[in-house]
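Okay, here's what each chain looks like letter by letter:
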Amino acid sequence: MEKRESEKSRHVLMIPFPTQGHINPMVQLGKRLSTKGVKPTIVITKFISKTMHLQSSSLPCSIHFDAISDGCDQGGFAQAESIAAYLSRMEAIGSKNLRELIQKHNSSDHPIDGIVYDPFLVWVLDVAKEFGLLGAALFTQMCAVNHIYYHVHHGLLKLPISSIPLSIPGLPLLDLKDTPSFVHEPSSYPAYFDLVMNQFSNIDKADFVLVNSFYKLEDQVVDSMSKLCPSLTIGPTVPSFYLDKGVPNDTDNNLHLFQLESSASSDWLKPKPAGSVVYASFGSLVSFSTEQMEEIAMGLMGIGFNFLWVITDTERKKLTKELVEEMSACGRGLIVNWSPQLEVLSNHAIGCFLTHCGWNSTLEALCLGVPMVAMPQWTDQPVNAKFVEDVWKVGIRVKLNENGIVTREEIEHCIRKIMEKDLGREMRMNAMKWKELAIEAVSEGGTSYNNINEFANKLKRS
């Protein structure tokens, strides 16, 4: 009976926004919680459960998955006529199914004590409170971005921005290009603008606000944000194998959009000299113009270094057959549609990461000591790139020409500065410093370690 009571007091539902970039940080936090005696159940949509490929080999046996309907079981976002329509349907149908799931667990030997939710799904907190459950928001973007959105939501920062540089407590001075796309171009993304701002509509009801970052990475921002919205850093949510090795067998993110096959990229990298390869990857959601794709291709071919370029099938179609053949014929490049990014970034051959600066990719590069060429596109990426270049000093941000294109010459110039110049050596040293601080944060006694303990202890029933 004592064991059963202990189990009952340690069960948490974890509900991510249904995209890979939001699911994997939630799963990684679940792994950390599992080492604290907590039983995490990750709740994904039925569409995600059918289309994502689960690697269960590095999942603790205490982590389970449940699937609920969001009303778009056959196509996810694509099934709805707009993002606004999808979110509305997900709230109506998802909240009903979440209530039923909680009731099911509460009538079992493993009742629910708390819910960790992505604040994109603000309604989850309301459902948690209906059942008297502890509710914790997990922000999967960096604290600086949340801080900016908080200021906009509460009217502390008026849009459109009328004067620059922009001064927000805890942050460096920001130009317009350094702000999230939803801030400097709010009318271009109305549904997404509402989505990111609504995160704070009921945040005062949350028992915890957790952030996928670590304290020393954003200490001034965290201190400033916590005066307005008390926040606990629990990151980086990078598999433990690459950090403190505190979670057994935690070598990889477990959910992927693509079917995983034997990795051509890993085999290709093996004989390459240390620091000789440029790794280029822009995530699964970035869509470039045909002109921009050609400039990236020509830039990579022009640098004279080995390069590994991850391109989705959709993006590859923007390159001419002749250009793809030319890239293969140059003998220095490999193009793949999927790559085990953590494994690649940790490879000794990687000297530079050409990236869109999505937060997960940025954290992974920081934790693996890899300098970056930042090529941000939208959402939080411009803020991440600002910190990469000017605060953490681990990379260079590309400059756009008058037509909004990053030219092949600019790509070559930035990569060469990292691969060949003294500046690149300094960036690698800085990156290694942040790697050590990331390890410190999640190791016993570190800030993230202690914050996760604090949350886990609150899940215990009195």
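Residues numbered from 1 in each chain as written. Predicted model: local features only at pLDDT ≥ 70, side-chain atom pairs only at ≥ 80, totals over all residues. Heavy atoms only, no water.

Undergrad: Where do I start with the overall build of the protein chain in this structure?
TA: On a plain count of helices and strands, the protein chain comes out with 19 helices and 15 strands. Against the 2.2 N^0.38 benchmark of 23 Å for 462 residues, the protein chain shows a C-alpha radius of gyration of 22 Å, consistent with a compact globule. Over its C-alpha atoms, taken along the principal directions, the protein chain stretches across nearly 65 × 50 × 45 Å. By the burial criterion, 59% of the 462 residues in the protein chain qualify as buried. When contacts within the protein chain are restricted to residue pairs at least 6 apart in sequence, long-range pairs at least 24 apart make up 71% of them. Side chains of the protein chain carry 43 positive and 52 negative charges; the gap between the two charge centres is 4 Å. (Helix = DSSP H or I, 4+ residues; strand = E, 2+ residues; numbered from the N terminus. Rg over C-alpha atoms; globule rule 2.2 N^0.38 Å. Buried < 20%, exposed > 50% of the residue type's maximum accessible area, 1.4 Å probe, protein only. Contact = heavy atoms within 4.5 Å. Lys, Arg positive; Asp, Glu negative; His and termini not counted. Charge placed at Lys NZ, Arg CZ, Asp CG, Glu CD.)

Undergrad: Mind showing me how you'd approach the environment of Pro239 here?
TA: As for its placement among the helices and strands, Pro239 is situated in the loop between β8 (232-233) and β9 (255-256). Overall, Pro239 belongs to the buried group, its relative accessible area being 0%. For the pair Pro239 and Ile203, spaced 36 residues apart in sequence, the C-alpha separation works out to 28 Å. Apart from residues no more than four positions distant in its own chain, Pro239 is found in contact with Gln28, Asp250, Thr251, Asp252, Asn253 and Leu342.

Undergrad: Help me understand the nonpolar core in this model?
TA: One broad trend across soluble globular proteins is that nonpolar side chains are buried collectively. Formed by 100 residues in total, the largest nonpolar core has its most connected members in Leu98, Ile115, Ile203, Leu308 and Trp392. The element best represented in this core is helix α4 (residues 83-106), accounting for 8 residues. Setting aside chain neighbours within four positions, we find Leu98 in contact with Leu13, Ile15, Ile68, Trp123, Val124 and Val127. Within the second largest apolar cluster, 33 residues are counted, among which are Met293, Leu300, Val406 and Ile415. (Core = buried A, V, L, I, M, F, W, Y, C linked by side-chain atoms within 4.5 Å.)

Undergrad: Whenever I open this one, α4 confuses me. Can you help?
TA: Owing to its 3.6 residues per turn, the α-helix aligns residues three or four sequence positions apart on the same side. Over its 24 residues, α4 runs 32 Å from end to end, which matches the ideal 34 Å to within 8%, given 1.5 Å per residue. A bend of about 25 degrees at Gly94 is the largest found in α4. For α4, the set of buried residues is Ile83, Ala85, Tyr86, Leu87, Met90, Gly94, Ser95, Asn97, Leu98, Leu101, Ile102 and His105. Considering only its buried residues, α4 is in contact with β1 (11-15), β2 (39-45), β4 (64-68), β5 (114-117), α5 (123-130) and α8 (190-197). (Expected span 1.5 Å × (residues − 1). Bend = angle between axes of the 7 residues up to and from the residue.)

Undergrad: Just to check I follow, could you spell out the sheet that holds β8 for this structure?
TA: Picture the strands of a sheet paired through backbone hydrogen bonds; they go either parallel or antiparallel. The strand order β4-β2-β1-β5-β6-β7-β8 describes an open sheet built from 7 strands, whose pairing is parallel. On the outer flanks of this sheet lie β4 and β8, each paired with one strand and no other. Pairing between strand β7 (residues 208-211) and β8: 2 bridges, direction parallel. Bridge assignment links Leu210 to a residue of β8, and that residue is Leu232. Here α5 sits on the sheet and contacts β1, β5 and β6 (134-139); the angle it forms with β5, its principal contact strand, is near 175 degrees. (Pairing = 2+ DSSP bridges. Axes fitted to C-alpha atoms, helices over the stretch in contact; angles between N-to-C directions.)

Undergrad: It is not clear to me how unusual backbone geometry should be interpreted in this structure. Could you clarify?
TA: For residues that are not glycine, phi is negative in most cases, and the peptide bond is trans in most cases. With omega at 0 degrees, the peptide bond leading from Leu159 into Pro160 counts as cis. Tracing the backbone shows Pro160 in the loop between α6 (143-153) and α7 (181-184). The omega angle of the peptide bond from Ile164 to Pro165 is 5 degrees, so this bond is cis rather than trans. Non-glycine residue Lys245 carries a positive phi angle of around 60 degrees.

Undergrad: Which parts of the structure should I look at to understand the packing of aromatic side chains?
TA: Two numbers describe a pair of aromatic rings. These are the distance of the centres and the angle of the planes. Using the criterion set out here, one finds 16 aromatic pairs in the structure. Aromatic side chains Phe182 and Tyr192 sit 6.0 Å apart centroid to centroid with 5 degrees between the ring planes, which places their arrangement in the stacked category. You can see Phe182 sitting in helix α7 and its partner Tyr192 sitting in helix α8, a full 10 residues away along the chain. Under the relative-accessibility criterion, Tyr192 is labelled partly exposed at 30%. Measuring from ring centre to ring centre gives 5.0 Å for Phe241 and Tyr242, while their planes differ by 90 degrees; the resulting arrangement is edge-to-face. Under the relative-accessibility criterion, Phe241 is labelled partly exposed at 42%. Through successive ring pairs, a cluster of aromatic residues spans Phe17, Phe77, Tyr86 and Phe120. For Lys245, the ring lying beneath its charged end belongs to Phe241, and the centroid distance is 5.2 Å. The ring of Trp434 carries Lys433 above its face, with NZ or CZ at 4.3 Å from the centroid. (Phe/Tyr/Trp six-rings, centres within 6.5 Å; stacked < 30°, edge-to-face > 60°. Lys NZ or Arg CZ within 6 Å of the ring centre and 35° of its normal.)

Undergrad: Looking at this structure, I do not really get the pattern of salt bridges. What am I missing?
TA: Side-chain pairing between opposite charges can occur once the charged atoms of the two side chains come close. Taken as a whole and judged by the stated rule, the model has 18 salt bridges. Residue Arg32 pairs with Asp244 through a salt bridge whose shortest N-O separation is 2.7 Å. Of this pair, Arg32 sits in helix α2 (residues 20-34) while Asp244 sits in the loop between β8 and β9; the two residues are 212 residues apart in sequence, bridging distant segments of the chain. Residue Arg32 is classed as buried on the basis of its relative accessible area, which comes to 11%. Of the charged contacts in the structure, one is a salt bridge between Asp178 and Lys177, with a shortest N-O distance of 3.3 Å. Overall, Lys177 belongs to the partly exposed group, its relative accessible area being 46%. Salt bridges sharing partners connect three or more residues here, namely Lys177, Asp178, Lys386, Asp390 and Arg397. (Salt bridge = Lys/Arg side-chain N within 4 Å of Asp/Glu carboxyl O.)

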